[in-house]
Structure formats: structure tokens, C-alpha cells
Amino acid sequence: MIRRQRGIRALMRNGISIVVVSGHASLVRGLQQSLPEATGGRVTVTGADGGAELNSPDVVLVDLEAPTGLPAVSAARAAAPHARILAIGGDDPNTTIEALRAGASAVLPRGEDATAPLLAALEGWAVVPVALLSSLVERAGPQAGSPATAHLDEHDRRLLRLIATGSSTSDIAGLLHVSDRTVKRLTAALLRKLHVSSRTEAAALAGSAGIV
């Protein structure tokens, strides 16, 4: 936990700009109040109604509830290609899975409970609601020996275990003694081998296959 707290402090050193794409003003106001306080003023939060209004933020937080919804994830990805896209809310597993496939790297709960998961997501953790994780595990298929993981070599399996246990790109780079860029390249290759589109789906597949 100490290492993770230090990681958050390092992450926040230069400040992070977050744009919240939501039609619900109360959600934006709540995050504008809670996040700067939780990060010592290192995070700035602004609101937007759609992807076209984004202005090079570090993170885009997309509300999956109407009137924004799932299309806003793809719009945010197109409008801010270098930003990290996070989704918030959404009780339907199918919708949240589609959000991950559209480019979101985490799915956060609504309300006051979003702050801690959001900080974890900013640091590189794969964050999804428990109900969604269960759904992903079910979709991943049978237990150990499933075709998706049977052909992985020991290097792939080690990387998959690190991803599944929540290690960030920087953590993995340190453990493997390689650069962050190399980890990103290896991760992309692993996702292709597993026929999944996100670290979250890979983590669920690892759990169902008995790798972690």
C-alpha cells in the first residue's frame, strides 16, 4: 500500500486535468469538490457535454448514463486520442463491456465511492465493478487449459499474471527490467494472442484459466 501511495504522489506531481463528459451537473460538481481535496489540489476537473468540447485533457471521465451514454466513449477517444478514457456508472454488464471495447480502461462506480477507484485507475490499476468482473469471468469460458491461454509461453504467463494482479505498466517494467514502452508493446501482443481488447478482459481470462 505504501508503494501505491507513493505512486499516486508521483503521478500527481505535475498535476492532472480531468474532463467529465456528463449531462448530470451534480456528478461534475461532486467530482470537482472531492478530487482536488483528495489529491492536494493536483487534479483539476472541468465538465463537458460531448467529445467535441475536449481540449487535450490527461483523462476523460465519461458518464455511461443518458444523455451521454456509450457513444460518448468513442467520441472522447476520437477527440482526445492521447488521454486516458475512464467510464463511470452503468449497471448493464453488456454496456460496460462495450465501453471497455470502445476505449475505456476502467469502469468506476457513481457517487462518492468513485474517488478511491478513480485514483487507482489513474495509477494504472484495472478497475471494474465486482458484478462486471464476474460477468467477464463467465464470458471467458472454461477453466485451465482453455484454448485462449494454452499456447502461452512462460514469459506470456508471467506478464498475464502481473496484469491480472493489478500491476501498472511502470511496476511491470521494473520487475522485467525493461522500459515502459516495451511493456506496452508486450501487453499489446499478449492481448492479440488472447483475442481480447483490454487488460481487464485479460485479467478475467487469467482468473478463469487458473493462471492467478
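Residues numbered from 1 in each chain as written. Predicted model: local features only at pLDDT ≥ 70, side-chain atom pairs only at ≥ 80, totals over all residues. Heavy atoms only, no water.

### Observations concerning the overall build of the protein chain
Looking only at helices and strands, one finds 11 helices and 5 strands in the protein chain. Burial analysis of the protein chain (212 residues in total) assigns 44% to the buried set. Accessible surface, the protein chain: about 10,800 Å² in total, of which carbon and sulfur atoms supply 53%. (Helix = DSSP H or I, 4+ residues; strand = E, 2+ residues; numbered from the N terminus. Buried < 20%, exposed > 50% of the residue type's maximum accessible area, 1.4 Å probe, protein only. Areas by Shrake-Rupley, 256 points an atom, 1.4 Å probe, with all protein chains shown as cover.)

### Examining the packing of helix H10 (residues 180-194) against helix H11 (residues 199-208)
Two packed helices can be described by the angle between their axes and the distance between those axes. Relative to each other, H10 and H11 sit at 60°, their axes nearing to 10 Å. One finds that H10 runs oblique with respect to H11. Considering only the axes of H10 and H11, their crossing is left-handed. Contacts from Thr 187, Leu 191 and Leu 194 of H10 reach H11 at Arg 199, Ala 202 and Leu 205. Here the contact of H10 with H11 is composed, by residue class, of 4 nonpolar, 1 polar and 1 charged. (Axes fitted to C-alpha atoms, helices over the stretch in contact; angles between N-to-C directions. Parallel < 35°, antiparallel > 145°, perpendicular 65-115°, else oblique. Left-handed = near helix turned anticlockwise from the far one by under 90°. Contact = heavy atoms within 4.5 Å. Nonpolar A, V, L, I, M, F, W, Y, C, P; charged D, E, K, R; others polar.)

### Overview of the side chain of Ser 168
Locating Ser 168 in the fold gives a position in the loop between helix H8 (154-164) and helix H9 (169-176). With relative accessibility at 7%, the residue Ser 168 sits in the buried group. There is a polar contact of 3.1 Å between the side chain of Ser 168 and the side chain of Asp 171. (Polar contact = N/O pair within 3.5 Å; in protein donor to acceptor, adjacent residues only side chain to side chain.)

### Thoughts on unusual backbone geometry
The general pattern is negative phi for most residues beyond glycine and trans for most peptide bonds. Even without glycine at this site, His 177 takes up a positive phi of about 60°. Relative to the assigned elements, His 177 resides in the loop between H9 and H10. For His 177, a relative accessible area of 74% puts it in the exposed group. Not every positive phi belongs to a glycine, and His 195 is a case in point at roughly 60°. Inspection of the secondary structure puts His 195 in the loop between H10 and H11. In this structure His 195 comes out as exposed when scored by relative accessible area, which is 71%.

### Structural notes on the pairing of strand E4 (residues 84-88)
With 4 of 5 residues buried, E4 is to be regarded as a mostly interior element. With 5 bridges connecting them, strand E3 (residues 59-63) and E4 associate as parallel partners. In the strand pairing of E4, Val 62 is matched with Ala 87. With respect to chirality, the unit in which E3 leads through helix H3 (residues 71-79) into the neighbouring parallel E4 is right-handed. (Pairing = 2+ DSSP bridges. Right-handed = clockwise from strand over helix to strand, strands pointing away.)

### Some points on the pairing of E3
Along E3, 5 of the 5 residues are buried, which leaves the element largely enclosed by surrounding structure. Of the two faces of E3, both are covered, the one formed by Val 59, Leu 61 and Asp 63 as well as the one formed by Val 60 and Val 62. Pairing analysis gives 4 bridges linking strand E1 (residues 16-21) to E3, with the strands arranged parallel. From the neighbouring strand, Val 21 faces E3, where its bridge partner is Val 62.

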